[in-house]
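Commentary on secondary and tertiary structure
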Amino acid sequence: MRLKARVFSVFSMCLLAACATLGVPTPQGFTERLAAGYVSAASVRGLTTTLLNGAVISADDAANVQKQADVAREALDVARTLPVIDGEKKLESALTLLQAAQAYLCAKKPTDPNCGG
């Protein structure tokens, strides 16, 4: 299994476990998953800013992660305009990108609240 797929699997399992633990329902259906994608994009942006301000990551790292968040946000915007079947593919790619960005950031500071710590 490729590293990206492993990271995605682990992150997904942790996210589902966190939702279950907190009593937060897991997003179901296209619309809920799309909304969760927008929340995730905002979370990645906020965590990036926090880690940059705390000198945990460099300005270059922050700029790269913010670019990933921009691309993911654009993909979410496109997914929203497509029929659900086509939108699912775009949504999945956006969520994968956001999950990879969050995994990178959480590796830098796993105790951050956005990382489940």
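You'll find the structure just up there.
Attention in this report is confined to the structure presented alongside it. The shown structure was predicted, so the numbers you read here are calculated from the model rather than taken from an experiment.

1. A word on the state of the cysteines
- Applying the stated criterion across every chain yields a total of one disulfide.
- Put simply, cysteine 106 and cysteine 115 are joined by a disulfide, and their sulfur atoms are 2.0 Å apart. Handedness of the cysteine 106-cysteine 115 disulfide follows from its S-S torsion of about -90°: it is left-handed.
- In this structure cysteine 106 comes out as buried when scored by relative accessible area, which is 14%.
- Residue cysteine 115 is classed as partly exposed on the basis of its relative accessible area of 23%.

2. Some points on the nonpolar core
- Membership of the largest hydrophobic core comes to 22 residues, with the highest contact counts inside it found for Leu34, Val44, Leu76, Leu91, Leu98 and Leu105.
- Within the residue set of this core, elements represented by two or more residues are helix 2 (29-53), helix 3 (59-81) and helix 4 (84-108).
- Beyond its immediate chain neighbours, meaning those up to four positions away, leucine 91 contacts Phe30, Arg33, Leu34, Leu76 and Ala79.

3. With respect to helix 3
- Between its terminal C-alpha atoms helix 3 stretches 33 Å, which fits the 33 Å expected from 23 residues at 1.5 Å a residue.
- Buried residues of helix 3: Ala62, Val65, Gln66, Ala69, Ala72, Ala75, Leu76 and Ala79, and no others.
- Close packing links the buried residues of helix 3 with helix 2 and helix 4.

4. Considerations on helix 4
- Its 25 residues place the ends of helix 4 35 Å apart at the C-alpha level, agreeing with the 36 Å of an ideal helix rising 1.5 Å per residue.
- Along helix 4, the residues classified as buried are Gly87, Leu91, Ala94, Leu95, Leu98, Gln99, Ala101, Gln102, Leu105 and Cys106.

5. Describing the pattern of salt bridges
- Counted according to the given criterion, the structure contains five salt bridges.
- Arginine 73 serves as the salt-bridge partner of aspartate 77, at 3.5 Å between the closest nitrogen and oxygen. Of this pair, aspartate 77 and arginine 73 both sit in helix 3, four residues apart, roughly one helical turn.
- With relative accessibility at 41%, the residue arginine 73 sits in the partly exposed group.
- In this structure, a network of salt bridges that share partners links the residues Arg33, Glu88 and Glu92.

Reading the values: rules and limits
Residues numbered from 1 in each chain as written. Predicted model: local features only at pLDDT ≥ 70, side-chain atom pairs only at ≥ 80, totals over all residues. Heavy atoms only, no water. Disulfide = S-S within 2.5 Å. Buried < 20%, exposed > 50% of the residue type's maximum accessible area, 1.4 Å probe, protein only. Core = buried A, V, L, I, M, F, W, Y, C linked by side-chain atoms within 4.5 Å. Helix = DSSP H or I, 4+ residues; strand = E, 2+ residues; numbered from the N terminus. Contact = heavy atoms within 4.5 Å. Expected span 1.5 Å × (residues − 1). Salt bridge = Lys/Arg side-chain N within 4 Å of Asp/Glu carboxyl O.

In short, geometric facts, not functional conclusions.
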